Amino acid sequence: MTVFNAETMIGVIGAGAMGVGIAQVAAQHGHRVVLADAVASSIAKAQEVHAKAMAREVEKGRLAREAADAVLTRLTYVEGASAAEFAAMSACEFVIEAIVENLGVKQVLFRTLEGVLSESAVLASNTSSLSIAAIAGACQNPERVVGVHFFNPATLMPLVEIIPAISTSDDVAKRARVLVDLWGKVTVMAADTPGFIVNRVARPFYSESLRLLEEGVADVATIDAAMRNVGGFRMGPFELMDLIGNDVNFAVTSSVFEGMFFDGRYRPANTQRRMVEAGLLGRKSKRGYYDYRDGAIAPTAHLDVKLAERIFDRVLAMLINSAVDAVHQRIASPADIDLAMTKGVNYPKGLLTWADEIGPHKILRCLDALHDEYREERYRASPLLRERVRLGQALNS
């Protein structure tokens, strides 16, 4: 077994925002890093981003100039995507891909890497929505494939989900976690299921807010204000969807919905589909749920206490139910689920802890009322929530 340490050489495939960030994190923690991309302009941009990042670290007094220069010298850039071009990675013992979210493309890449790397090297995927087992299934040695999901921006966001596939060896999962822990990240273990922890549990933050909008309960600005002012969330759901990109958010929701065999609790909203079709993607297109063009006037929230509490209670109940169901289906431990939601998406509290503070019986009562009103599966309370209420037991245990 190869023990990972600062001497371990790291490979990163994909010089987009995620790959560039992951490469920087590894280089700043002493590793020699090879960053590869098939597109020359992406490699050039990556070098520019890294140079600017180190200059900023020096300017802010977080790194001495010599240390910043040393980080840059540890980074090697490779243009190409063939076995010959990946030869520069032959000494890498940990390689993580951060390329397009396309299963076939990732499978081809991993098969190619197997022909270049040593048998002891670990192959990791930064996928946020694809099956790790499906990626590993294309490999001759699937036991060395593991999911290592960073959050954007990788240099700042502390959370990393470690996702062993059904075929991943325990040793590989442990080694991957130890390595990422050495990089100062907060790691959680997640089962290889659609959305893993964060992207699965967080779906109601968006979907239930969209339902409230479609029903005319409140407008975008009001729903956002309710979640910020009553719930203490840093951003409202529509602000966050505009920041993420409505195309990206809709794609993740659609992927989870399909991956969960079209369970109605994860059904995407027509409103968001129409936004994507119209090109209203959010900040990157200057228009989304809000208008970001120069001179645009921000909408005013129409918020009274009762309406704000109604909005918040409904969205929070759905989020908590999603978290409880993740525990019930053994996606992760209660502690890791709460940690993931606070460190991965900056929720003000862990959802299970929050539920225990409010009282699980109140959450169940809210869900049952919604289910009675709508008769939809989306409001079906988790069996574990119903059991814990019946037994008077806490959820975060």
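Attention here is on the structure that accompanies the text. Note that the coordinates shown come from a computational prediction; the quantities given were computed from them, not determined experimentally. (Residues numbered from 1 in each chain as written. Predicted model: local features only at pLDDT ≥ 70, side-chain atom pairs only at ≥ 80, totals over all residues. Heavy atoms only, no water.)

### Some words on the packing of helix 13 (residues 305-328) against helix 17 (residues 383-391)
Inference 1: Across the interface, helix 13 lies against helix 17 with an axial gap of 7 Å and an inter-helix angle of 95°. Taken together, the axis directions place helix 13 and helix 17 in an arrangement best described as roughly perpendicular. Across the interface between the two elements, Asn321, Val324, Asp325, Val327 and His328 of helix 13 pack against Pro383, Leu384 and Leu385 of helix 17. (Axes fitted to C-alpha atoms, helices over the stretch in contact; angles between N-to-C directions. Helix = DSSP H or I, 4+ residues; strand = E, 2+ residues; numbered from the N terminus. Parallel < 35°, antiparallel > 145°, perpendicular 65-115°, else oblique. Contact = heavy atoms within 4.5 Å.)

### Structural notes on the environment of alanine 269
Inference 1: Relative to the helices and strands, alanine 269 resides in the loop between helix 11 (246-259) and helix 12 (270-277).
Inference 2: The exposure class assigned to alanine 269 is buried, which follows from its relative accessible area of 14%.
Inference 3: Considered as a pair, alanine 269 and glutamate 93 are 176 residues apart in the sequence and their alpha carbons are 43 Å apart. (Buried < 20%, exposed > 50% of the residue type's maximum accessible area, 1.4 Å probe, protein only.)

### Brief notes about the packing of aromatic side chains
Inference 1: Under the defined criterion, the tally for this structure stands at twelve aromatic pairs.
Inference 2: Aromatic side chains phenylalanine 94 and tryptophan 183 sit 6.4 Å apart centroid to centroid with 90° between the ring planes, which places their arrangement in the edge-to-face category. Taken together, the residues phenylalanine 94 in strand 4 (residues 94-97) and tryptophan 183 in the loop between helix 6 (170-182) and strand 8 (186-189) connect sequence positions 89 residues apart.
Inference 3: Taking the relative accessible area as the measure of exposure, phenylalanine 94 reaches 1% and is therefore buried.
Inference 4: Consider the rings of phenylalanine 205 and tyrosine 206, whose centres lie 5.6 Å apart with planes at 75°: the pair is edge-to-face. Each member of the pair, phenylalanine 205 together with tyrosine 206, is buried.
Inference 5: Cluster of aromatic residues (ring-pair linked, three or more members): Phe205, Tyr206, Phe233, Phe312, Tyr347 and Trp354.
Inference 6: Lying across the ring of phenylalanine 4, arginine 175 places its NZ or CZ 4.7 Å from the centre.
Inference 7: Directly above the aromatic system of tyrosine 374 lies the positively charged group of arginine 211, at a separation of 5.6 Å from the ring centroid. (Phe/Tyr/Trp six-rings, centres within 6.5 Å; stacked < 30°, edge-to-face > 60°. Lys NZ or Arg CZ within 6 Å of the ring centre and 35° of its normal.)

### Some thoughts on the pairing of strand 4
Inference 1: Covered by surrounding structure in strand 4 are Phe94 and Ile96 together with Val95 and Glu97, the residues of both alternating faces.
Inference 2: Note: strand 1 (residues 10-13) against strand 4, four bridges, orientation parallel. Along strand 4, the bridge assignment pairs isoleucine 13 with glutamate 97.
Inference 3: Here four bridges tie strand 4 to strand 5 (residues 122-125), and the two strands are oriented parallel to one another. Paired with valine 95 across the strands is leucine 123, a residue of strand 5.
Inference 4: A crossover links strand 4 with its parallel partner strand 5, the connecting element being helix 4 (residues 103-114), and its sense is right-handed. (Pairing = 2+ DSSP bridges. Right-handed = clockwise from strand over helix to strand, strands pointing away.)

### With respect to the environment of arginine 32
Inference 1: Mapped onto the secondary structure, arginine 32 falls in the loop between helix 1 (17-28) and strand 2 (33-37).
Inference 2: As a C-alpha pair, arginine 32 and leucine 75 span 43 residues in sequence and 6.2 Å in three-dimensional space.
Inference 3: Once you skip the residues sitting within four places of it in the chain, arginine 32 turns out to touch Thr8, Met9, Ile10 and Arg74.

### With respect to the sheet that holds strand 8
Inference 1: Taken in spatial order, the eight strands of this open sheet run 3-2-1-4-5-6-7-8, and their pairing is mixed. Here the strands that pair on one side only, and so sit at the sheet edges, are strand 3 (75-79) and strand 8. Direction aside, the axes of adjacent strands within the sheet are offset by 25° on average.

### Quick look at the side chain of asparagine 126
Inference 1: For asparagine 126, the location among the structural elements is in the loop between strand 5 and helix 5 (132-136).
Inference 2: The buried category is assigned to asparagine 126, whose relative accessible area is 9%.
Inference 3: Among residues more than four places away in sequence, those in contact with asparagine 126 are Met18, Ile22, Ile96, Glu97, Ala98, Val148, His149 and Phe150.

### What about the pattern of salt bridges?
Inference 1: Applying the stated criterion across every chain yields a total of 21 salt bridges.
Inference 2: Ionic pairing is found between glutamate 208 and arginine 378, a salt bridge with its closest N-O pair at 2.8 Å. Taken as a pair, glutamate 208 in helix 8 (residues 203-214) and arginine 378 in the loop between helix 16 (360-374) and helix 17 lie far apart in primary sequence, 170 residues in all. The burial state of glutamate 208 is the same as that of arginine 378; both residues are buried.
Inference 3: Sharing partners across several salt bridges, the network here consists of Glu208, Arg211, Glu215, Arg314, Glu376 and Arg378. (Salt bridge = Lys/Arg side-chain N within 4 Å of Asp/Glu carboxyl O.)

### Side note on the packing of helix 9 (residues 220-229) against helix 13
Inference 1: One can describe the packing of helix 9 onto helix 13 by two numbers: an axis separation of 9 Å at closest approach and a directional angle of 75°. In terms of their interaxial angle, helix 9 and helix 13 are classed as roughly perpendicular. Taken together, the residues of helix 13 that come into contact with helix 9 (itself represented by Thr222, Ile223, Ala226 and Met227) are Leu307, Ala308, Ile311, Phe312 and Val315.
Inference 2: By residue class, the composition of the contact of helix 9 with helix 13 is eight nonpolar, one polar and no charged. (Nonpolar A, V, L, I, M, F, W, Y, C, P; charged D, E, K, R; others polar.)

### A few points about helix 9
Inference 1: Burial analysis of helix 9 places eight of its ten residues in the buried class, which makes it a mostly covered element.
Inference 2: For helix 9, the elements touching its buried residues are helix 8, helix 10 (237-244) and helix 13.

### As for unusual backbone geometry
Inference 1: Of note, the amide linkage connecting asparagine 152 to proline 153 takes the cis form, showing an omega dihedral of -5°.
Inference 2: You can see proline 153 is positioned in the loop between strand 6 (145-150) and strand 7 (159-164).
Inference 3: In the Ramachandran plot, arginine 375 falls in the positive-phi region, its phi being about 55° despite a non-glycine side chain.
Inference 4: Note that arginine 375 resides in the loop between helix 16 and helix 17.

### Remarks on the side chain of asparagine 246
Inference 1: Inspection of the secondary structure puts asparagine 246 in helix 11.
Inference 2: Here asparagine 246 falls in the buried class, since its relative accessible area comes to 0%.
Inference 3: Here aspartate 242 takes part through its side chain, which lies 3.2 Å from a polar atom of the side chain of asparagine 246.
Inference 4: A polar side-chain atom of asparagine 246 sits 3.2 Å from a polar atom in the side chain of glutamine 272.
Inference 5: Leave out the neighbours within four places in its chain, and asparagine 246 touches Met241, Gln272, Met275, Val276, Leu280, Leu281, Gly282, Gly288 and Tyr289. (Polar contact = N/O pair within 3.5 Å; in protein donor to acceptor, adjacent residues only side chain to side chain.)

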